[in-house]
Amino acid sequence: MTASPTRTRTRLRGAASLLASTDHKVIGLLYLALGSLYFLIGGLEALVMRVQLAAPGNAVLTGETYNAFFTLHGTTMIFLAVMPMLLGFSNYLLPLQIGARDMAFPRLNAFGFWITALGGLLLYLSLLEGPPSAGWFAYAPLSERPFSMSLGTDFWAAALIFMGTGSTLTAINLIVTTLRYRAPGMGLWMMPMFSWMAFVNSVIIVFAMPALNAALVMLEVDRALGGHNFAHGGSALLWQHYFWFFGHPEVYIMILPAWGLISEVIPVYARKPIFGYEFVAGSTLAIAVLSFAVYAHHMFAVGLSRPVNLAFAASTMLIAIPTGIKVLNWVATLWRGSIRFETPMLYALAFLVQFTLGGVTGVSFAVLPIDWQVTDTYYVVAHFHYVLMGGTLFALLSGLHHYYPKMTGRLLGDTLGKAAFWLITLGFNGVFLVQHALGLMGMPRRVYTYPDLPGWGALNRVSTVSAFVMGAGLVLVLVNLVVSRQLGRVAGDNPWRAWTLEWATSSPPPAGNFTRLPPVKSRRPLWDLAHPEDPDHRRPARHDRTHGHIRPEEQEHPR
């Protein structure tokens with residue numbers, strides 16, 4: 001049976017209008033689709049690498065091919081999967097949460113997305129000329145000629161310039177939208193926590209991305225014009241300064257909006273306002289500043305002077321304070337809450353445990369002898385992935401299950417969602433927990449094979465098998481997304497009984513977002529609307545010792 005010509009034309013017109021749209025919600029969904037596509041590609045690359053490392057002396061990949069795989073995997077996951085997905089949530093949610101009709105510059109918003117997508121295309125076109133293989137960090141002189149002769153490195157640099165430009169344009173748009181288009185009555189300190197963190201995150205992007213783009217242009221001057229910036233008389237160390245001045249804030253670029261999602265999910269499923277809003281918001285500002293002041297802790301092993309090392313060790317310990325404040329506030333929000341263990345909350349709870357472990361191992365790098373001992377080992381790989389997969393990925397999955405009903409009007413399947421959660425959680429910890437031990441045993445990272453030393457083969461096999469378990473969980477998530485789009489239960493406007501403005505409109509929201517905005521007098525306008533006898537702005541700001549700020553009518557489990 002074939003589709004009729006009329007139906008085909010209708011579908012083509014629908015696809016064309018989707019691609020030409022400047023609606024922030026469509027752009028947000030396109031970012032999410034782009035990020036998901038590249039997450040799938042980056043995940044497959046990771047599985048191939050894990051197969052290569054499953055046993056000592058494996059020969060599935062050659063050394064050069066393995067280098068290309070881990071270069072593409074790192075670049076893809078950071079610039080084409082995690083960042084686009086977070087910018088997708090920011091695009092979709094921020095205007096809705098602050099009561100705006102759209103972004104400040106809709107056409108610029110669409111341009112930012114398409115230039116990012118073009119960057120992704122350029123990166124994978126490099127396969128035609130010989131893929132880049134100098135790592136996602138592209139340390140000089142390995143990224144210079146004659147160490148990287150193929151045009152793949154030039155494609156890689158051009159791709160990152162395109163993606164960096166697109167991200168910067170989107171960040172500028174988010175900043176202007178936040179400052180100019182908030183609903184009447186909504187001050188900056190009354191914004192939902194996701195919008196606040198997306199706003200601060202955009203400021204970091206605007207300051208961090210130019211450093212990378214400038215370094216990439218200088219690299220191309222060396223490679224194409226015979227310049228002397230990072231090699232041939234230039235300074236290889238200068239590349240690392242430029243790169244990590246971008247690279248460490250990049251860690252927070254990839255985690256701040258994720259923290260924002262967690263800060264939306266936990267209060268809704270604990271039935272309480274977030275504990276210590278001012279501290280969570282203020283600590284975000286502190287992190288934005290400190291993220292630029294800790295960058296050289298990635299360079300402790302290059303031989304910087306002792307005062308410089310000590311200064312960056314101190315700043316690295318310092319940034320743990322505002323991060324710890326956030327964790328304590330999320331835990332305090334859970335305390336005495338009426339917790340609903342829905343799938344979004346399960347991912348949020350797993351996030352709390354895993355991100356905290358990643359944060360603790362991160363602080364250990366501030367201790368110089370520890371850093372020197374474990375630098376460039378699998379301990380670093382484990383730490384990095386506990387922060388960015390145990391943290392960001394789980395927050396993204398939490399946010400996806402929480403906001404899918406708003407985006408589609410349908411609920412995700414609960415049984416499938418919880419089965420996927422357990423597979424992903426068990427698989428993730430199986431992959432990366434053992435890598436702490438591998439690193440402490442001395443296994444270096446960025447190697448395509450290793451000798452048959454005691455324990456190395458067994459721990460690597462556990463890691464590889466667990467990677468496939470995690471992959472199976474992610475496939476279940478994809479199946480759930482597709483099936484629920486047609487067969488999921490109708491969600492309604494506010495299926496989770498949340499309190500922020502995005503839940504005041506229909507699911508999915510119409511063009512222009514709102515027909516009418518409720519008055520905004522507190523951080524929970526929908527609570528105020530439903531309970532005019534007990535609005536938030538008339539309650540004491542201090543924590544309620546009797547009920548922990550939870551209203552008796554909100555309790556799922558009466559005490």
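Residues numbered from 1 in each chain as written. Predicted model: local features only at pLDDT ≥ 70, side-chain atom pairs only at ≥ 80, totals over all residues. Heavy atoms only, no water.

(A) Main features of the overall build of the protein. Looking only at helices and strands, the protein has 16 helices and zero strands in total. Across its three principal axes, the protein shows a C-alpha extent of roughly 70 × 65 × 45 Å. Out of the 559 residues in the protein, the part that is buried amounts to 57%. A separation of at least 24 residues holds for 81% of the contacts in the protein among residues at least 6 apart in sequence. Both charge centroids of the protein, one from 37 positive and one from 27 negative side chains, sit 8 Å from each other. (Helix = DSSP H or I, 4+ residues; strand = E, 2+ residues; numbered from the N terminus. Buried < 20%, exposed > 50% of the residue type's maximum accessible area, 1.4 Å probe, protein only. Contact = heavy atoms within 4.5 Å. Lys, Arg positive; Asp, Glu negative; His and termini not counted. Charge placed at Lys NZ, Arg CZ, Asp CG, Glu CD.)

(B) Looking closely at the confidence of the model for the protein. Per-residue pLDDT for the protein averages 92, and the proportion of residues at 70 or more is 96%. When pLDDT is averaged over each helix and strand of the protein, the minimum, 76, is found for helix α1 (residues 5-20) and the maximum, 97, for helix α2 (residues 24-52). (pLDDT = per-residue confidence, 0-100.)

(C) Molecular detail of the packing of helix α3 (residues 63-98) against helix α6 (residues 193-225). Here α3 crosses α6 at 135 degrees, and the two axes come no closer than 10 Å. The pairing of α3 with α6 is recorded here as oblique in orientation. At the point where α3 passes α6, the crossing takes the left-handed sense. Between α3, through F79, M83, L87, F89, S90, L93, L94, Q97 and I98, and α6, the contact on the second element is made entirely by F194, S195, A198, I205, M209 and L212. Along the lines of polarity and charge, the residues of the contact of α3 with α6 split into 12 nonpolar, three polar and no charged. (Axes fitted to C-alpha atoms, helices over the stretch in contact; angles between N-to-C directions. Parallel < 35°, antiparallel > 145°, perpendicular 65-115°, else oblique. Left-handed = near helix turned anticlockwise from the far one by under 90°. Nonpolar A, V, L, I, M, F, W, Y, C, P; charged D, E, K, R; others polar.)

(D) Here's a closer look at the environment of W136. Take W136: it is sitting in the loop between α4 (106-125) and α5 (152-180). When its relative accessible area of 14% is taken as the criterion, W136 is described as buried. Not counting residues within four places of it along the chain, the set of residues in contact with W136 comprises T71, G74, T75, I78, F79, W156, F243 and W244.

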